[in-house]
Amino acid sequence: MAQATFHFPRGFLWGAATAAHQVEGNNTNNNWWAWEQEEGRIIQGQKSGLACDWWNGRWREDFDRAAEAGHNAHRMSVEWSRIQPAPDRWDENALDRYREMMRGLTERGMTPLVTLHHFSDPLWLSEMGGWENEKVVDYFIPFVNKVVEALREYVNLWVTINEPNVLVTNAYVMGVFPPGKTDLGAMYRATVNMIRAHALAYQAIHKIQPTARVGLAFQYRGLLPSKTWSPLDRFAAGMQSRLFNDLFPEALVSGVLRLPVVSRHIPEARGTQDFLGINYYTQEYVAFNLLKAGEMFGQRSFHPQAELSETGFIANDPEGLFKALKWGMRFELPILITENGVEDSQDSLRPRYIIQHLHQVWKAVNFNFPVKGYFHWSLVDNFEWERGWTQRFGLWGLDVETQTRLTRPSADLFAEICRENGISSEMVARYAPALFESMFPN
Ligand code: BGC
């Protein structure tokens, strides 16, 4: 039997990623909590409730698990509505609690990567029109200053906004995130405001902490033509990919937001990334469809032969991660994989998914792509937005009623990878024997 190990570079960051609203519980003062109370918004009327109960202190046991499993980093977010419960009020206790969590990470040998905005907004902000209102920038910057001042002792790595491309798509085109609109004008306004908010936050963070490394986390999704010979499919796929994948990061390089018919100059955005954060889950195929005007005339679907996740949300397409990293190379920045994972309550696909995706990362690293770390989504099953609790992304499972954690084989596999800083043939033989032949041919 062939024996080998795919090694990763020294100092590679290994960890999991989480987000405040999905794990803390009782985030009653934000737009998601309000959205969850509305009928028909969340699958089966499910609610975040106590989530993973982090706000009451269960972060400790989950950080213990991560540290024991060899993670040397963790990506988490802070909840704006806790820190600034009203426009004219800061909650110092909430900031203290986040400081405690950061100390908790560093004491356990894990480097914190903190996301300042991960999908949820304070209620007072959404009542003012949220990201559509240009005033959001005037509120975001003081919030960022407050957090960075409070956490700078522990944190050097910052993500300003998580997946601005998913947020504007889901909130203003698909209507599945609050405020539930299908309005391209609103999407445009929110996009401009997010780019400005990021740019000014980048500058604000560097002013407080000159050594900080600041970026965003973009979701990169391969959007390929269904029929490569069809010019219409190629047109629709190209448009969707431009808007979803390229628009934001290109604006942060050039200072220009280049839409199909108009360009908007945002000069302050130029050169405002120290690293590129990529979230990768899957890729899709796009067929031209006249009825999909709001989606650039593209109907998306997975490859007919693709292996799908439990609820059909993700196709296991590891080569798409290599393509995502290759796409990321054009920005000439260090790259962090800020999310990657699959929903799988039975953990029947996840071990393979992890190995196959990390194999692609290893390949990229060996082509000298500057990939510096990998954060698995997620540490523990958590509240999956409009999909509620029906999707289970955790290395550890969660019984929401009893708050009991269940160790999945993937948690052990990932632990071995973190400790080894590599993937060995022996791990593949034990956790995903079906892959052995193709990964380690005799
Ligand atoms: C988001 C996470 C989410 C994950 C899986 C990403 O788009 O950043 O918050 O839980 O996908 O759905």
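Scroll up a little and you will see the structure.
Residues numbered from 1 in each chain as written. Predicted model: local features only at pLDDT ≥ 70, side-chain atom pairs only at ≥ 80, totals over all residues. Heavy atoms only, no water.

### Examining helix α13 (residues 409–420)
- A rise of 1.5 Å per residue sets the reference length of α13, with its twelve residues, at 16 Å; its end C-alpha atoms lie 17 Å apart and thus fit the reference within 8%.
- S410, A411, L413, F414, A415, E416, I417 and C418 are the residues of α13 that are buried. (Helix = DSSP H or I, 4+ residues; strand = E, 2+ residues; numbered from the N terminus. Expected span 1.5 Å × (residues − 1). Buried < 20%, exposed > 50% of the residue type's maximum accessible area, 1.4 Å probe, protein only.)

### So, helix α9 (residues 184–208)
- Here α9 contains 25 residues, and its C-alpha end-to-end distance of 36 Å stays within 8% of the 36 Å for a straight helix at 1.5 Å per residue.
- By the N-cap criterion, in which a side-chain oxygen at the helix start approaches the backbone nitrogen of a residue two or three places on, α9 is capped by D183, the distance to G185 being 2.9 Å. (Polar contact = N/O pair within 3.5 Å; in protein donor to acceptor, adjacent residues only side chain to side chain.)

### Here we look at the pattern of salt bridges
- Applying the stated criterion to the full structure yields 34 salt bridges.
- Across the salt bridge formed by E61 and R58, the nearest N and O atoms sit 3.3 Å from each other. You can see E61 and its partner R58 sitting in helix α3 (residues 54–68), three residues apart, about one turn around the helix.
- For R58, a relative accessible area of 27% puts it in the partly exposed group.
- Measuring nitrogen to oxygen at the nearest pair gives 2.8 Å for the salt bridge that ties R65 to D62. Of this pair, R65 and D62 are both found in helix α3, three residues apart, which corresponds to roughly one turn of the helix. (Salt bridge = Lys/Arg side-chain N within 4 Å of Asp/Glu carboxyl O.)

### What about the nonpolar core?
- One finds W131, F140, W158 and L358 to be the most contacted residues of the largest nonpolar core, which totals 134 residues.
- The leading source of residues in this core is α9, at 13 residues.
- Discounting chain neighbours no more than four positions away, the residues touching W131 are W80, H117, D121, V136, F140, I161, Y172, R189, A190, N193, M194 and A197.
- Residues F275, L336, L349 and W377 belong to the second largest nonpolar core, which totals 18 residues. (Core = buried A, V, L, I, M, F, W, Y, C linked by side-chain atoms within 4.5 Å. Contact = heavy atoms within 4.5 Å.)

### Topic: the sheet that holds strand β12 (residues 298–301)
- In spatial order, the strands read β7-β11-β12; together these three strands make up an open sheet with mixed pairing. If you trace the sheet from one side to the other, it starts and ends with β7 (222–225) and β12, each paired once. In this sheet, adjacent strand axes meet at a mean angle of 35° when their direction is disregarded.
- Alignment of β7 against strand β11 (residues 283–288), held across four bridges, turns out to be parallel. Each bridged residue has a counterpart across the sheet, and for L224 the counterpart in β11 is Y285. (Pairing = 2+ DSSP bridges. Axes fitted to C-alpha atoms, helices over the stretch in contact; angles between N-to-C directions.)

### Focus: the packing of aromatic side chains
- Within this structure, the stated rule accounts for 31 aromatic pairs.
- Residues Y281 and F393 carry aromatic rings whose centres are separated by 6.0 Å and whose planes lie at 85° to one another, so their mutual orientation is edge-to-face. Highlighted residues: Y281 in the loop between β10 (276–279) and β11 and F393 in the loop between β14 (371–377) and β15 (396–399), separated in sequence by 112 residues. Just as Y281 is buried, F393 falls in that class too.
- A network of ring pairs unites the aromatic residues W80, W124, W131, Y139, F140 and F143 as a single cluster.
- When the ring centre of W55 is taken as reference, the NZ or CZ atom of R82 above it lies at 4.0 Å. (Phe/Tyr/Trp six-rings, centres within 6.5 Å; stacked < 30°, edge-to-face > 60°. Lys NZ or Arg CZ within 6 Å of the ring centre and 35° of its normal.)

### Topic: the layout of surface pockets
- Size it by volume and the second largest pocket reaches roughly 270 Å³.
- Lining of the second largest pocket is provided by 20 residues; of these, N31, D121, S126, P178 and P179 occupy positions nearest its centre.
- Those elements giving two or more residues to the lining of the second largest pocket turn out to be α2 (31–37), α6 (123–127) and α8 (164–172). (1 Å grid on protein atoms, 1.4 Å probe; cavity = no way out; pocket = protein on both sides within 12 Å on 5 of 7 lines; lining within 4 Å. Points joined across faces, edges and corners; volume = space filled by probe spheres on them.)

### Quick word on the packing of helix α7 (residues 136–151) against α9
- Running from N to C, α7 and α9 point in directions that differ by 30°, and their axes come no closer than 9 Å. In terms of their interaxial angle, α7 and α9 are classed as roughly parallel. Remark: the crossing between α7 and α9 carries right-handed chirality. The segment α7 lies against α9, with V136, V137, F140, I141, V144, N145, V148 and E149 engaging N193, R196, A197, L200, A201, A204, I205 and I208.
- Partitioned by chemical class, the residues of the contact of α7 with α9 number twelve nonpolar, two polar and two charged. (Parallel < 35°, antiparallel > 145°, perpendicular 65-115°, else oblique. Left-handed = near helix turned anticlockwise from the far one by under 90°. Nonpolar A, V, L, I, M, F, W, Y, C, P; charged D, E, K, R; others polar.)

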